[in-house]
Amino acid sequence: NAGVTQTPKFRILKIGQSMTLQCTQDMNHNYMYWYRQDPGMGLKLIYYSVGAGITDKGEVPNGYNVSRSTTEDFPLRLELAAPSQTSVYFCASSLAGSRSYEQYFGPGTRLTVT
Amino acid sequence: DQQVKQNSPSLSVQEGRISILNCDYTNSMFDYFLWYKKYPAEGPTFLISISSIKDKNEDGRFTVFLNKSAKHLSLHIVPSQPGDSAVYFCAASANFGNEKLTFGTGTRLTIIP
């Protein structure tokens, strides 16, 4: 099991460019999440999904979009990148109904917007 | 509105001594609490958790204590080892069926050899 994988590891974007952060999990988890972590801050939830075809906004969704066409993949789209989106992005997944609330995280994507 | 607070950004502890990391929360709907550990350039990894029906959970060197009346939890690591140097995040969840976690801002623990 590779667990949760994220690509790319690093990316530099110019203001106004767009990109997609990829996230794949091979644990057959129903729930998937996208977080961002700014320096000295905790993880803030951007979007989450409770299953294929179902997504919902988290705490900081503005400037982002997601889709969930398969159980395994949960890409995060940045449209019109802004310097405020400079952050480290983490994807996570968890098993629905486990009541353990344990989320498994990917290694992160470090994004710089200049 | 920070619903989960870790008021100590950093903590240094001598190797072999006890490390105590603290976390406070404001949302009384939270019923499950977790601690995550994060090394640089890696994603957070789950460490230990506790349900609101308990006041203590132990796993090896790690023990989490929950004081519901004070809305406070703490993580005890004993004895502390150099490999414990990392950032520790407290997280909480309310049972709304989506298992979303709310994270604190983290405490950087440094174990001094």
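Note: the structure precedes this text.
Quantities reported herein were computed from a predicted structural model and do not represent experimental measurements.

Trainee: Sorry, what's going on with the environment of Asp 59 of chain B here?
Mentor: Residue and element names in this part refer to chain B. In this structure, Asp 59 sits in strand β6 (residues 56-59). A relative accessible area of 46% places Asp 59 in the partly exposed class. For the pair Asp 59 and Tyr 25, spaced 34 residues apart in sequence, the C-alpha to C-alpha distance is 23 Å. With residues near it in sequence (within four places) discarded, Asp 59 still touches Leu 47 and Ile 48.

Trainee: Can you help me understand the nonpolar core in this one?
Mentor: One recurring pattern in soluble globular proteins is that nonpolar side chains are buried together. Residue and element names in this part refer to chain B. Membership of the largest hydrophobic core comes to 24 residues, with the highest contact counts inside it found for Phe 33, Trp 35, Leu 73, Leu 75 and Tyr 88. A per-element tally of this core places strand β9 (residues 86-93) first, with 4 residues. Every residue in contact with Leu 73, bar those within four places of it in the chain, is listed here: Leu 21, Asn 22, Cys 23, Tyr 25, Phe 33, Trp 35, Val 64, Phe 65, Leu 66 and Cys 90.

Trainee: Any chance you could explain the layout of surface pockets here in plain terms?
Mentor: Taking a probe equal in size to a water molecule and rolling it over the atoms shows the remaining empty space. Taken as a whole, the largest pocket spans an internal volume of roughly 620 Å³. Along the walls of the largest pocket sit 32 residues, with Gln 37, Val 88 and Arg 110 of chain A together with Lys 38 and Ala 41 of chain B positioned nearest its centre. Contributing elements (two or more residues each) for the lining of the largest pocket: β9 (87-94) and β11 (109-113) of chain A together with β9 and β11 (107-112) of chain B. By residue number, the principal contributor to the lining of the largest pocket is β11 of chain A, which donates 4 residues. Volume-wise, the second largest pocket comes out at about 380 Å³. Glu 59 of chain A together with Gln 3, Phe 30, Leu 101 and Thr 102 of chain B are the residues nearest the centre of the second largest pocket, which is lined by 20 residues in total. For the lining of the second largest pocket, the elements supplying multiple residues, two or more each, are β5 (43-51) of chain A together with β9 and β10 (102-103) of chain B. Top contributing element to the lining of the second largest pocket by residue count: β5 of chain A, with 3 residues. Split by residue class, the lining of the second largest pocket holds 9 nonpolar, 7 polar and 4 charged.

Trainee: I would appreciate a short explanation of the sheet that holds strand β8 (residues 72-77) of chain B in the present structure.
Mentor: Within a sheet, each strand pairs with its neighbour through backbone hydrogen bonds, oriented either parallel or antiparallel. Residue and element names in this part refer to chain B. The strand order across the open sheet built from 5 strands is β1-β3-β8-β7-β6, with neighbouring strands paired in antiparallel fashion. With one partner strand each, in any of the chains shown, β1 (4-5) and β6 form the two edges of the open sheet. As paired strands, strand β7 (residues 62-67) and β8 are joined by 6 bridges and run antiparallel to one another. Bridged to Leu 66 within β8 is Leu 73.

Trainee: Quick question: what am I supposed to make of the packing of aromatic side chains here?
Mentor: To describe a pair of aromatic rings, you give the distance between the ring centres and the angle between the ring planes. The final tally for this structure, using the stated rule, is 13 aromatic pairs over all chains. Pairing Tyr 35 of chain A with Phe 105 of chain A gives two aromatic rings, centres 5.5 Å apart and planes at 35°, and the pair type is tilted. In this pair, Tyr 35 of chain A sits in strand β4 (residues 31-37) while Phe 105 of chain A sits in strand β10 (residues 104-105), placing the two residues 70 residues apart along the sequence. Cluster of aromatic residues (ring-pair linked, three or more members): Tyr 33, Tyr 35, Phe 90 and Phe 105 of chain A together with Tyr 36, Phe 46, Phe 89 and Phe 103 of chain B. Across from the ring centre of Phe 74 of chain A, 6.0 Å away, lies the NZ or CZ of Arg 68 of chain A, which sits over that ring.

Trainee: What exactly am I supposed to notice about the interface of chain A and chain B here?
Mentor: Interfaces are often sized by the amount of accessible area the parts lose when they come together. In this assembly, 26 residues from chain A lie in contact with 22 residues from chain B. Inspection of the chain A/chain B interface yields 0 salt bridges. Linking chain A with chain B are 1 residue pair in polar contact (both at pLDDT 80 or more). Listed by contribution, the elements that provide at least two residues to the side of chain A that touches chain B are β4, β5 and β9 of chain A. The biggest single contributor to the side of chain A that touches chain B is β5 of chain A, with 5 residues. Of the residues contributing to the side of chain A that touches chain B, the split by class is 14 nonpolar, 9 polar and 3 charged.

Cut-offs and rules
Positions within a chain are numbered from 1, following the residues in the order the chain's sequence is written. Chain A is the first chain written and ligand 1 is the first ligand written, with later ones labelled in order. Only residues with pLDDT of at least 70 get local features here, since the model is predicted, and only at 80 or more are side-chain atom pairs given and counted; chain-wide, interface and lining totals rely on the full set of residues. Heavy atoms throughout the structure, all of them, feed into the side-chain values; hydrogens and water do not. Only DSSP runs of H or I with at least four residues qualify as helices, and only runs of E with at least two residues qualify as strands; both kinds are numbered from the N terminus onward. Remark: exposure states derive from per-residue accessible area (1.4 Å probe, protein chains only) relative to the maximum for the residue type, with buried under 20%, exposed over 50%, and partly exposed in between. Residue contacts are counted whenever heavy atoms from the two residues lie within 4.5 Å of one another. Nonpolar cores were defined as sets of buried Ala, Val, Leu, Ile, Met, Phe, Trp, Tyr and Cys residues, with membership established by side-chain atoms within 4.5 Å. Here a cavity is any set of points on a 1 Å grid over the protein atoms alone where a 1.4 Å probe fits but cannot get out, and a pocket is any open set with protein on both sides within 12 Å along at least 5 of 7 lines; a residue lines the site when it has an atom within 4 Å of a point. Grid points are joined across faces, edges and corners, and a volume is the space filled by probe spheres set on the points. For this classification, the nonpolar set comprises Ala, Val, Leu, Ile, Met, Phe, Trp, Tyr, Cys and Pro, the charged set comprises Asp, Glu, Lys and Arg, and every other residue, Gly included, is treated as polar. One bridge is not enough; two strands pair if DSSP finds at least two bridges between them. Between the rings of Phe, Tyr and Trp (Trp by its six-membered ring), a pair exists once the centres lie within 6.5 Å; its type follows the angle of the planes, with under 30 degrees stacked, over 60 edge-to-face, and the other angles tilted. Remark: a charge is flagged as sitting over a ring if the NZ atom of Lys or the CZ atom of Arg is within 6 Å of the ring centre and within 35 degrees of the ring normal. Salt bridge criterion: a side-chain nitrogen from Lys or Arg within 4 Å of a carboxyl oxygen from Asp or Glu. N or O atoms closer than or at 3.5 Å make up a polar contact, with two conditions inside protein: a donor-capable atom paired with an acceptor-capable one, and, for residues adjacent in sequence, both atoms drawn from side chains.

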